[in-house]
Each structure stands twice: as C-alpha cells, then as structure tokens.
Amino acid sequence: MNDLATYNFAYLDEQTKRMIRRAILKAIAIPGYQVPFASREMPMPYGWGTGGVQVTASILGPDDVLKVIDQGADDTTNAVSIRAFFQKVANVAVTTKTKEATIIQTRHRIPEEPLRESQTLVYQVPIPEPLRFLEPRETETRKMHALEEYGLMHVKLYEDIARNGHIATTYAYPVKVEGRYVMDPSPTPKFDNPKMHRSEALQLFGAGREKRIYAVPPYTQVVSLDFEDHPFEIQKFDRPCALCCAENVYLDEVVLDDRGGRMFVCSDTDHCEDRRCAGHAGPMLAIEEAAE
Amino acid sequence: MTAQSQIYAGGFADPEFEAQTVFRTLMDCFARPGTIGRLTALATPPSPLGMATGAVALTLCDHDTPVWLSPALVKSAAPNWIAFHTGGPVIELKDEARFAFVERDGAVPGFDQFALGTAEYPDRSTTLVVEVEALTGGRPFIGRGPGIKDEVVIAPKGLPDLFLDLWAANRALFPRGIDLVLTAEESVLCLPRTTRLSIKG
Ligand SMILES: [Zn+2]
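Remember, it's a predicted structure, so these values are computed and weren't measured experimentally.

S.K.: Explain the nonpolar core to me, using residue names and the numbers behind them.
M.R.: Grouped together as the largest cluster of nonpolar side chains are 82 residues, with contacts concentrated most on A:Ile24, A:Ile28, A:Phe86, A:Leu204, B:Leu26, B:Met27 and B:Phe101. The residues touching B:Leu26, leaving out its near neighbours within four places in the chain, are A:Leu25, B:Val56, B:Leu60, B:Val181, B:Val188 and B:Cys190. B:Ala97, B:Val102, B:Leu164 and B:Leu182 belong to the second-largest nonpolar core, a separate cluster that totals 25 residues.

S.K.: Pulling in residues and values, what's your account of the coordination of the zinc ion?
M.R.: All names here are of chain A. Only Cys241 (SG), Cys244 (SG), Cys266 (SG) and Cys272 (SG) from the protein reach the zinc ion as donors, at distances of 2.2 to 2.3 Å. The sequence pattern formed by the donor residues of the zinc ion is C-x2-C-x21-C-x5-C. Side by side, cysteine 241 and cysteine 244 carry an identical accessibility label, which is buried.

S.K.: Residues and numbers for the pairing of strand β8 (residues 179-184) of chain B, please.
M.R.: Consecutive side chains along a regular strand alternate between the two faces of the sheet. Residue and element names in this part refer to chain B. Burial within β8 is extensive, with six of its six residues counted as buried. Burial along β8 is two-sided: Asp179, Val181 and Thr183 facing one way and Leu180, Leu182 and Ala184 facing the other are all buried. The sheet contact formed by strand β5 (residues 127-131) and β8 spans five bridges and is parallel. Following the sheet pairing, glutamate 131 is matched in β8 by threonine 183. Note that β8 and strand β9 (residues 187-191) share five bridges and pair antiparallel. Bridge pairing in β9 places leucine 182 opposite leucine 189. Between the antiparallel neighbours β8 and β9 lie two residues, among them glutamate 185 with a positive phi of about 50 degrees.

S.K.: I'd like to hear about the interface of chain A and chain B, residue by residue, with values.
M.R.: The parts lose accessible area when they come together, and the size of an interface is often stated as this lost area. Taken together, the contact between chain A and chain B spans 42 residues of the former and 41 residues of the latter. Together chain A and chain B conceal approximately 3400 Å² of surface at their shared face, both sides included; 60% is due to carbon and sulfur atoms. Together, A:Arg22, A:Leu25 and A:Lys26 form the three largest contributors to the area buried by chain A at its contact with chain B, with a combined 21%. Linking chain A with chain B are six salt bridges. Here A:Lys26 makes a salt bridge to B:Asp179, at a shortest N to O gap of 2.8 Å. On inspection of chain A and its partner chain B, the count reaches 18 residue pairs in polar contact (both at pLDDT 80 or more). Of all the elements in the fold, those that place two or more residues in the side of chain A that touches chain B are α1 (14-29), β1 (35-36), α2 (50-59), α4 (138-146) and β8 (202-207) of chain A. Among the residues forming the side of chain A that touches chain B, the class breakdown is 22 nonpolar, six polar and 14 charged.

S.K.: So what about the pattern of salt bridges? Which residues, and what values?
M.R.: The final tally for this structure, using the stated rule, is 31 salt bridges over all chains. Of the charged contacts, one joins B:Arg32 and A:Glu117 as a salt bridge, the two residues approaching to 3.5 Å between their closest N and O atoms. Remark: A:Glu117 occurs in the loop between β4 (103-106) and β5 (120-124) and B:Arg32 occurs in the loop between α2 (15-31) and β1 (36-38); the pair is interchain, linking two chains. Since its relative accessible area comes to 10%, B:Arg32 is described here as buried. What makes A:Glu117 partly exposed here is its relative accessible area of 37%. Of the charged contacts in the structure, one is a salt bridge between B:Glu151 and B:Arg144, with a shortest N-O distance of 2.9 Å. Its relative accessible area of 44% is what places B:Glu151 among the partly exposed residues. Taking the relative accessible area as the measure of exposure, B:Arg144 reaches 35% and is therefore partly exposed. One network of salt bridges, in which partners are shared, links A:Lys97, A:Lys99, A:Glu113, A:Asp270, A:Glu273 and A:Asp274.

S.K.: Account for the domain arrangement of chain A, naming residues and giving values.
M.R.: Residues and elements named next belong to chain A. In terms of domain boundaries, chain A breaks down into domain 1 (14-130 + 172-221) and domain 2 (237-281). Here the C-alpha centroids of domain 1 and domain 2 sit 26 Å apart. Listed as interface residues are 15 residues of domain 1 and, on the opposing side, eleven residues of domain 2. Of the roughly 1000 Å² buried between domain 1 and domain 2, counting both surfaces, carbon and sulfur atoms make up 45%. Contact with domain 2 buries area across many residues of domain 1, yet Lys97, Glu112 and Phe191 alone supply 45% of it, more than any other trio. Summed over the shared surface of domain 1 and domain 2, the number is four salt bridges. As a salt-bridge pair, lysine 99 and aspartate 274 come within 3.1 Å of each other at their nearest N and O atoms. Our count for the contact surface shared by domain 1 and domain 2 stands at eight residue pairs in polar contact (both at pLDDT 80 or more). Along the lines of polarity and charge, the residues of the side of domain 1 that touches domain 2 split into four nonpolar, four polar and seven charged.

S.K.: Before we move on, can you summarise the side chain of B:Thr127 with the specific residues and values?
M.R.: Position of B:Thr127 relative to the elements: it lies in strand β5. Polar contacts involving the side chain of B:Thr127 include one to the side chain of A:Lys26, which spans 3.0 Å. Excluding anything up to four places from it in sequence, B:Thr127 contacts A:Lys26, B:Arg98, B:Phe99, B:Ala100, B:Asp179 and B:Val181.

S.K.: Explain the sheet that holds strand β4 (residues 99-102) of chain B residue by residue, including any values.
M.R.: All names here are of chain B. Spatially, seven strands are ordered β1-β9-β8-β5-β4-β2-β3 in an open sheet, and the strand pairing comes out mixed. Where the open sheet ends on each side, the last strands, each with one partner, are β1 and β3 (90-91). Direction of pairing for β4 relative to β5: parallel, over a ladder of four bridges. In the sheet register, alanine 100 faces β5, and the bridge partner there is leucine 128.

Cut-offs used in this document
Residues numbered from 1 in each chain as written. Chains lettered and ligands numbered in written order. Predicted model: local features only at pLDDT ≥ 70, side-chain atom pairs only at ≥ 80, totals over all residues. Heavy atoms only, no water. Core = buried A, V, L, I, M, F, W, Y, C linked by side-chain atoms within 4.5 Å. Buried < 20%, exposed > 50% of the residue type's maximum accessible area, 1.4 Å probe, protein only. Contact = heavy atoms within 4.5 Å. Donors = N, O, S within 2.8 Å, 3.2 Å for Na, K, Ca; no water. Helix = DSSP H or I, 4+ residues; strand = E, 2+ residues; numbered from the N terminus. Pairing = 2+ DSSP bridges. Buried area = accessible area lost by both parts, 1.4 Å probe. Salt bridge = Lys/Arg side-chain N within 4 Å of Asp/Glu carboxyl O. Polar contact = N/O pair within 3.5 Å; in protein donor to acceptor, adjacent residues only side chain to side chain. Nonpolar A, V, L, I, M, F, W, Y, C, P; charged D, E, K, R; others polar. Domains from an automatic or database assignment.

In structure tokens form, the structure reads like this:
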C-alpha cells in the first residue's frame, strides 16, 4: 500500500493550508503581531512543535530542502521525528547542513551561519504572548498591544535588575519589532536575539497550542528590550569550543565522565562539523576522535 | 467557449502543487516588497480577470473569505468562476471583504473603503488584488520598510493618479490597513501595509 496516497502532500488538507497561508501573509504584513489561526490536531503531541510543523507543512513544496534542529542539533529526538514526518508525508529532501536548507525548522537555536535570502526559518513556539505572565487575559493583552502599553514589560525587566543586578532573563528575551510590536522570540536563548535583527531570511513563528502565527520579514529591525543604564547583553563564554575552537558561538556543556570531567562545545552541531572539516581543531578534538 | 463552460474551465490542473508554488511566490513577494515574482502556475479565468489574478484567487480564496469584485468583474463571468473554483462568497460590501479584485484599467476604490482591521485585530483587513498594465515602465517610486534591504525602486504602469496619496494614507493607519497585490500578465508585485513609498526624485 502506498501510504502517501492516504493523506495530502505535507499531511494538512488544502483548506487548512489555505487558512494558514493567509495567516502567514498577514503576519508578514504586520511584523511581530500575532495572527490567530485555527490550529489543527497533528499526529504528535503539543510541545513537539505542532505550530512550527503546521507552518512548515503549509509553505513546503517538493523542491524544498528541509533542516530541523532542536537546541542546535539535528540528531535529537524531536528534530529526528519531525524530519522523519516530513520525509514520509512530503517525500521532501532533508539535510543537516544549514547552507543547503531552504526551510529550517527550529525549537531553540538560530544557526550560527548567517541565513540567506533564499531561506526561511520556522520557529516552534510554546508561548507566543510576551505579556502573558503579566496579564493572563487575552482580551487585555490584545488591548495592551493595540495601545502599545508595554510599560509593565519594562517594569518586569527592571525588577530583574533590582533583584539580580542585571536582567536575568536568558531565554525568550522580549524584543521590539520595527519599533512597534513587542514579540516573544520563543524559547530561543537571548544569545541569538541579535541574529534576528535585519536577518536576510524570512522568520516565521508558529504556536500550535496557542493558535498563533507571527513573522519577522527580512531586513526588519528587531531590538531586545533594555535600559540605558543596563543595556542588552548576550551571554559571553570564557572559552572557545573544545572541538572546533570557535569563539563567539553558543556553547553547550558536555559531561565527559563520572569524575567531573566536562567540556564546552558548539550547540550548533552543523557549524562545529563544518569548522572541523575546514581544519579547525580544539583541544579536545584528538581525544574525541580517539574515543570514536 | 460558451459562458457556462468558461466558468468550469481555467482552474489549476494540479491544485495541491500549483497552489503551493503560487503561495510561495506571494510569500516571497510580501516578504520582499517590490520584488516582481513570476508565477509558475497560472489560471485561465474568464475575461476581464487576468491569469495571475485568477491564480491568486485560486490559491487564497475559499468559503471562509468573502470576495468583493469591481463593477466590471461583477458583470462578467468572474463571480461564477470564483464561486465555482474557490467557493468564496461574492459580496457587495467592500468593508467585509477579505479579498477584493479589480481588473486592468478598472477604477480602484479608495483603500479606506475596504476592511482595515481593528486595533486589536489588524489582520482582519482586505487584501486588494489589482491588475495593472505592467509591473515596470511606469512612474518610479522608492520603497522602504520591512523586507527591503535599503530601498527598492518600483514602477508599475497603470496605477490610479492618486495612488501615492492613497498609499500614504493607508500607511498612516498602521498597524491597520489593506495589503496590495499588483498583477500583470504572469507576474505579481506585493506591497504589504508596512512599505513606505515616495517619488523617485
Ligand atoms: Zn565547535
């Protein structure tokens, strides 16, 4: 039996795709604004990126090359199952190479390699509303966005400073898009916020459970909220990647043994591999290779 | 062709894949205002509805999207063609339309007569699809805004005389406002409400 015949290309029915496509076009026209859409049940649980999956399914064509990352890696369970899903329902080409991908679906990270005009980055978003923890009622947060009432958001960040001496928020750090809407960049580490600013690629955000789609068009201003006396700063790592020697990249801690040995390596596995292929070698590379 | 067979003909041969390619061109063109996108799938709707305009309708309209048609289109076979191929209800009230279509050389109503969305839901606005003589060769405008690296020059031919004023008034409503798709022959040029236009000096 041919499984592909039992559902539409990319799983979603045509009416659902049309509805999501219309929402995407409006989202692009109003950068950072959350467009409501009628999210569909997907054959995977919420929290597995059903919003991102629906966005990808609605834009994907047979000529696309898809990359899926969770944290920075292509080989984690979430990334592997989403990639397998699209291989099955759309028979689409997949890659782990950032350079080769036309669509990149991500759960956390933005690839280190700067994205290009021909690429679209699709984010899986759990909580799209940056004001939700300040105001649980949707009617009220809608009003706050309509009136640009973002004072409470600044108060929350300032409380952080009062308590910690700095802004403690490191993930889902709020941004202002094109000087208008405050937007939640999903659980992306704030390290990646500057990559959103005037990116060459179109960025689309899908929240399945919360039924929202939003977008940042290419070359759009994305500014992390901050204060004059406490400017926005990204995380700094005090050492380069142990495998490829990359600096100014986001590092993950890897535990090496049960005696407290550990190393810090690129969270973006493709970037790390690319650099190693190009001959960059960190102090732990020989040890890693010997172990393999 | 008889009037009746005109209505049933001219849709996509392969709706699933053709709608996808047309959508991707529209998405790219809305994400990069001023870019002229050549559609790789076209419709052959009854005159005076154009090929690209028809393809946009087939790609985005359905029974959830009330459609407004210009007076000339209402008199043609277009209402029946759109109803048959998309299921989109053709309505008379511009401010309730999700999509509105104007044929080449047709009078373009003031943008503020269409649905502009609300402060809370600015997405509930009309997407206006206007066929023009050509997407190049007209009076040049400079476009700036999201999706545009520095600036882009556009020069559609056959726009209403007051276009720049109409567009500036629409831009001033942001985040409310209409979004515009210009079509000519096989191509589209999209202007989301964010694009600021000025005369090229
Ligand atoms: Zn590395």
